[in-house]
Amino acid sequence: MNEINKTGIIAADIGGTNFRVAGSIISEEGSPVRVTTVFEGATNLNIIETLVACCREELSAQGCERFVLSIGTAGVIDGTLIHHPEFPDQRLDLYGLVNQAGIKSWAIRNDFEMEAWGVRDPNVVDSLMPFHGPDKVQVGASLVVGPGTGLGGACIRPGGEILRTELGNTPVASPRTPDLQKIWPDILRHLRERFGVECPRYEDIVAGRGLTYLWSFFAGEELEPEEVVKKILQSANYEPFSIMAEMLVLACHNLAPVLGDDWRNLRNVFISGGVARKNVNPLFHARVYGQDGPTQVFASMFDQWSVLRAELAGNVGVFLVQNEHCGLYGAAQYAVTMIVPLLDR
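K.L.:
Whenever I open this one, the packing of aromatic side chains confuses me. Can you help?
P.N.:
Within this structure, the stated rule accounts for eight aromatic pairs. With 5.5 Å between their ring centres and 65° between their planes, Phe131 and Phe298 make a pair best called edge-to-face. Placement of Phe131 in strand 10 (residues 128-132) and of Phe298 in helix 11 (residues 297-308) is noted, with a sequence separation of 167 residues between them. We note that Phe131, like Phe298, is buried. Seen from their ring centres, Phe195 and Tyr213 are 4.3 Å apart, and the 35° between their planes marks the pair as tilted. Placement of the pair is Phe195 in helix 5 (residues 178-195) and Tyr213 in helix 6 (residues 208-219), with a sequence separation of 18 residues. In textbook terms, an aromatic cluster arises when at least three aromatic residues are bridged by ring pairs, as seen for Phe131, Phe284, Phe298 and Phe302. Over the face of the ring belonging to Tyr329 we find Arg34, whose NZ or CZ atom lies 4.4 Å from the ring centre. Stacked on the ring of Trp117, the Lys or Arg Arg120 has its end atom at 5.2 Å from the ring centre.

This is the structure in structure tokens:
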């Protein structure tokens, strides 16, 4: 084995609810190949160090002699410390982790930057489900948007450069559909008075907490997102998902300008995240009923947005990322491309 092939990649994806850690080696073609157990569970920064050590041990058994660590994480990165928004009492000290595990080099990036690296991995591409527009991924710019515990977003320029964003923390745009415009002031009042949300951000609507907030408005109950989904399916009251679908399109609309002039080359929108994957039918097939009959909210809104920009009309494909390991594959791809080539310089 040459030095490159003796390099073990430890990839970690630390999300708002779940985390995953896995190890890969580098093939003769220069691609990461997963060779270890995928360690996963509910996000807990206190046990990441142990799982990285387990992963390193498995890679050693595969003949690896040096190791790199590539992490995508939600939350705030403060030097070598990770502060997780959902677990304010937990910290992950990367300096201590790297020293203990004998890591030669490492990188930590925003979780949705790694998600954007992942959508180009063959394992992820094979899992894509076309939902709207062209059914094949096209050459051009892309958006990656993910409703999960929060809302992540990233852009991919035509040349492959990835632009991370704080989409989830962007204030929501005003609704466009007449029905939602009528009740929007009442929703804003409810969010302010019941939950202390003065200026709603996209992840206050298009994410797990959005389900909790919206169900509270419509039904007067405060439930965890999973329980909300059960109630929605039982009652057939799909209004929360209709609102989320409209705001998801508006979030895409807000994200596109990050591409600058490359927005004219926008060809793909990848929708990822647990809320999207677990609720495909209610989110993407939510309907409103008007004078012209039932209309799918997401598809209708997306087409209206595309028509506003004539160059995009009918040219943008929307794909659901069904592979829940997308961020993990992305972290491994990042390591192969951005970390490993610098090891011997």
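The discussion continues.
K.L.:
Looking at this structure, I do not really get the state of the cysteines. What am I missing?
P.N.:
Among covalent bonds in proteins, the disulfide is the one between the sulfur atoms of two cysteines. In the structure shown here, the tally under the stated rule is zero disulfides. Left unpaired, Cys55 is separated from the closest cysteine sulfur, that of Cys54, by 8.5 Å. This cysteine, Cys64, is not joined by any disulfide, and Cys55 carries the nearest cysteine sulfur, 9.6 Å off. Taking the relative accessible area as the measure of exposure, Cys64 reaches 5% and is therefore buried.

K.L.:
Is there a simple way to explain helix 1 (residues 48-61) in this structure?
P.N.:
Because an α-helix packs 3.6 residues into every turn, residues spaced three or four apart end up facing the same way. Look at helix 1: 20 Å from first C-alpha to last across 14 residues, which is about the 20 Å you get at 1.5 Å a residue. Every buried residue belonging to helix 1 is among Ile48, Leu51, Val52, Cys55 and Leu59, and all of these are buried. End-on, the buried residues of helix 1 take up no more than an arc of 105°, which puts them together on one face. Facing away from the buried side of helix 1 by more than 90 degrees, the exposed set consists of Glu57 and Ala61. Considering only its buried residues, helix 1 is in contact with strand 1 (7-14), strand 2 (18-26), strand 4 (39-42), strand 5 (66-73), strand 8 (91-93) and helix 2 (94-101). Gly63 occupies a position one or two residues after helix 1 and carries a positive phi of about 100°.

Criteria and cut-off values
Residues numbered from 1 in each chain as written. Predicted model: local features only at pLDDT ≥ 70, side-chain atom pairs only at ≥ 80, totals over all residues. Heavy atoms only, no water. Phe/Tyr/Trp six-rings, centres within 6.5 Å; stacked < 30°, edge-to-face > 60°. Helix = DSSP H or I, 4+ residues; strand = E, 2+ residues; numbered from the N terminus. Buried < 20%, exposed > 50% of the residue type's maximum accessible area, 1.4 Å probe, protein only. Lys NZ or Arg CZ within 6 Å of the ring centre and 35° of its normal. Disulfide = S-S within 2.5 Å. Expected span 1.5 Å × (residues − 1). Arc of directions from axis to C-beta. Contact = heavy atoms within 4.5 Å.

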